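Spelled out from the first residue to the last, the chains are:
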Amino acid sequence: MNGLKIGLVAGLGALLIAGCETLPSVGGGAGDSNFASGSALDYRLGGGDREALGQAALAAIESGQTRVWRGRRASGVVEPASYSLANLMENPKARIASARGDLDLAHMMETDLGLYVSTRNSNVRTGPGTDNKVAEMLPSGAGVEVVGRVTDKSWMLVAVDGVIRGYVFQDLLIKAPGTELELAGGPRRRPLLCREFAQRIEVGAERDEWEGAACNDGTGWRVAPPEVDPEQQPENLLEF
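So, a few notes on the structure that sits alongside this text. (Residues numbered from 1 in each chain as written. Predicted model: local features only at pLDDT ≥ 70, side-chain atom pairs only at ≥ 80, totals over all residues. Heavy atoms only, no water.)

1. Concerning the overall build of the protein chain
Along the backbone of the protein chain there are 2 helices and 14 strands. For the protein chain, buried positions account for 41% of its 240 residues. Sequence-distant contacts in the protein chain: of pairs separated by 6 or more residues, those separated by 24 or more amount to 61%. About 13,500 Å² of surface is accessible on the protein chain, with carbon and sulfur atoms providing 52% of the total. (Helix = DSSP H or I, 4+ residues; strand = E, 2+ residues; numbered from the N terminus. Buried < 20%, exposed > 50% of the residue type's maximum accessible area, 1.4 Å probe, protein only. Contact = heavy atoms within 4.5 Å. Areas by Shrake-Rupley, 256 points an atom, 1.4 Å probe, with all protein chains shown as cover.)

Printed below as a string of C-alpha cells:
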C-alpha cells in the first residue's frame, strides 16, 4: 500500500510539472484591482472613492462608454479607448493594438513567428475556424505579421501595420520573401485581452490625468502592469 501511495504521489508530481511547462505566462496579465494605482493622488482616496472608481472603470471597459464617478471625497472620469492584446511578445507585459475586442483567445499559441504574405484573398476571422465570423478580407499579396499560431489548429493570429486583425488559415500564408531562412517562433502562451483607457481624478483642488490599460486573464479586469522589460530596468546598486 505504501508503495502504491508513493507511486501515486510521484505520478501526480510529474503531471503538475508537465502542466506547468505548458501554462501561459501571466506576466502580461494584470494583478492590481486598484484603478487609481497609476495616479499621484492614489493615496488621497478613501474606500468609498475606490469603490466608486472601480465600478465606473469596469463599466467603461465593458461598455466602451465614458463613465463619470463621484465618491465621498473624490470624483473623476474614465474614458475607454482601443483594445490590445498582451502576453504575445518576448516581454509578456508588452501590448499589441487590436482592431477587435471579440476575438477568441482561448487557445495556446506559438508566438512571434515573423512576416508572412497572403497567397490569395483570405478571410480574416474572429476565431480559428470557419465557423467563426468573418471580420474582414485580407487581399492577395498583403503582408502580415504573425503574432501567434494556434498550437492545435492550422490558424494564424495576424497583425497588419502593428494592429491585430484576426485569424487567417495557415495554408493561405507563406513566409515573406527574404525571410524564409529566418528562425522564428517564440514561447507558447495564451493571449490576454486588454483595453486602454484615460482617467481623471479630482480631490478638492488637486487634479490628475493619466493613461493606462486593464487586462483580463479570465478572472476579471485588473490594471495592467507597466510594459517596461525587467531586463532593461536600472540596476539596483544596493543589492549585493
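Okay, back to it.
2. Section: the pairing of strand E1 (residues 67-70)
Across 4 bridges, E1 lies against strand E2 (residues 74-86) in antiparallel orientation. Considered in E2, the bridge of arginine 70 is made with serine 75. (Pairing = 2+ DSSP bridges.)

3. Section: the packing of aromatic side chains
A full pass over the atoms with the stated rule returns 2 aromatic pairs. Between phenylalanine 35 and phenylalanine 197, the ring centres sit 6.4 Å apart and the planes meet at 55°, which makes this aromatic pair tilted. On the criterion of sequence distance, the pair formed by phenylalanine 35 in the loop between helix H1 (2-22) and helix H2 (47-63) and phenylalanine 197 in strand E12 (residues 192-203) is long-range, its members being 162 residues apart. Summarising the aromatic geometry, the rings of tryptophan 155 and phenylalanine 169 are spaced 5.5 Å apart at their centres and angled 65° between planes, so their arrangement reads as edge-to-face. (Phe/Tyr/Trp six-rings, centres within 6.5 Å; stacked < 30°, edge-to-face > 60°.)

4. Some thoughts on the state of the cysteines
Summed over all chains, the structure comprises 1 disulfide. Across a sulfur-sulfur distance of 2.0 Å, cysteine 194 and cysteine 215 are joined as a disulfide pair. Every disulfide takes its handedness from the sign of the S-S torsion; for cysteine 194 and cysteine 215 that torsion is 100°, giving right-handed. With cysteine 194 in strand E12 and cysteine 215 in strand E13 (residues 206-216), this pair connects stretches of sequence that are 21 residues apart. The pair cysteine 194 / cysteine 215 is uniform in exposure class, with both members buried. (Disulfide = S-S within 2.5 Å.)

5. Notes on the side chain of serine 122
Relative to the helices and strands, serine 122 resides in strand E5 (residues 122-125). If sequence neighbours within four positions are ignored, serine 122 has contacts with Glu136, Met137, Leu138, Val168 and Leu172.

6. Notes on the nonpolar core
Counting 34 residues, the largest nonpolar core has Trp69, Leu157, Ile164 and Ile201 as its most contacted members. Of all the secondary structure elements, the ones that give two or more residues to this core are H2, E2, strand E7 (143-150), strand E8 (155-160), strand E9 (163-169), E12, E13 and strand E14 (221-223). Take this core: its biggest share by element is 6 residues, from H2. Excluding residues within four positions of it along the chain, tryptophan 69 makes contact with Leu45, Asp49, Ala52, Leu53, Ala56, Ala74, Ser75, Gly76, Val77, Val78, Arg200 and Ile201. Counting residues in hydrophobic clusters, the runner-up holds 12 residues, among them Leu113, Tyr116, Ala142 and Leu172. (Core = buried A, V, L, I, M, F, W, Y, C linked by side-chain atoms within 4.5 Å.)

7. Regarding the environment of glycine 38
Turning to its location among the elements, glycine 38 is positioned in the loop between H1 and H2. Classification of glycine 38 as partly exposed rests on a relative accessible area of 47%. Measuring from C-alpha to C-alpha, the distance between glycine 38 and aspartate 208 comes to 9.9 Å, with 170 residues separating the pair along the chain.

8. Details of the environment of isoleucine 96
Here isoleucine 96 shows up in strand E3 (residues 95-98). Relative accessible area serves as the criterion here: at 13%, isoleucine 96 is assigned to the buried category. Leave out the neighbours within four places in its chain, and isoleucine 96 touches Ser84, Leu85, Leu88, Met89, Val147, Gly162 and Ile164.

9. A word on unusual backbone geometry
Positive phi values are uncommon outside glycine, yet aspartate 112 reaches one of about 55°. As for its placement among the helices and strands, aspartate 112 is situated in strand E4 (residues 109-118). If you check the backbone angles, aspartate 161 has positive phi at about 55° while not being a glycine. The exposed category is assigned to aspartate 161, whose relative accessible area is 78%.

It is worth stressing that arrangement in space is one thing and function is another; only the former is reported here.
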